[in-house]
Amino acid sequence: MFVAKVIGNMICTHKDENLKGLKLLIVQPVDDQLQDKGKPLVAIDTIGQSGEGDLVYLAKSRESSLPLNKDLVASDAGILGIIDYYNVKRMEEI
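In what follows, the accompanying structure is described. On a predicted model such as this, the values are computed, not experimentally measured, just so you know.

## Notes on the pairing of strand β5 (residues 77–82)
In the sheet, strand β3 (residues 41–45) pairs with β5 via two bridges, with the strands oriented parallel. Note on β5: the bridge partner recorded for Ile 44 is Gly 78. Here strand β4 (residues 55–60) runs beside β5; their pairing, made up of five bridges, is antiparallel. When the sheet's bridge partners are listed, Ala 59 is paired in β5 with Gly 78.

Next comes the structure, spelled out in structure tokens:
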């Protein structure tokens, strides 16, 4: 799993049958200090409630589509939840 910030959405007129009715969002992965890390990617909103500006946690590969209970969904990432609170303690602080 990894953390990302939703930075936009994507609308497709044609898409795979298993993706119909699902919201596609553009997310920017972030590090533990919530700084951008890597390139943005498209993710399926498996919970259906995520929106621009939300901090979310995601799964990659096969695990990204498990909450959908469908076979062979073409996806690289899936949003599994919205983060309400985020706190990281550095090892030197412990």
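## Quick word on the sheet that holds β3
On the basis of which strands lie adjacent, the closed barrel formed by five strands has the order β1-β2-β3-β5-β4 and mixed pairing. On average, adjacent strands in this sheet sit at an angle of 55° to one another, irrespective of strand direction. Of the pairings in the sheet, the one linking strand β1 (residues 2–10) to strand β2 (residues 24–29) comprises six bridges and is antiparallel in character. Of the residues in β2, the one forming a bridge with Val 6 is Val 27.

Reading the values: the criteria
- Chains are numbered independently. Their residues run from 1 in the order of the written sequence.
- Residue-level local features of this predicted model are given only where pLDDT is at least 70; pairs of side-chain atoms are given and counted only at 80 or more, and the full residue set underlies all totals for whole chains, interfaces and linings.
- Side-chain numbers here rest on the full set of heavy atoms in the structure, without hydrogens or water.
- Strands were regarded as paired on the criterion that DSSP finds at least two bridges between them.
- Runs of H or I in DSSP of at least four residues are treated as helices and runs of E of at least two as strands, each being numbered from the N terminus.
- Axes here mean lines fitted to C-alpha atoms, for a helix over just the part in contact, with angles spanning 0 to 180 degrees between N-to-C directions.

Shape is all these values report; function is a separate question.
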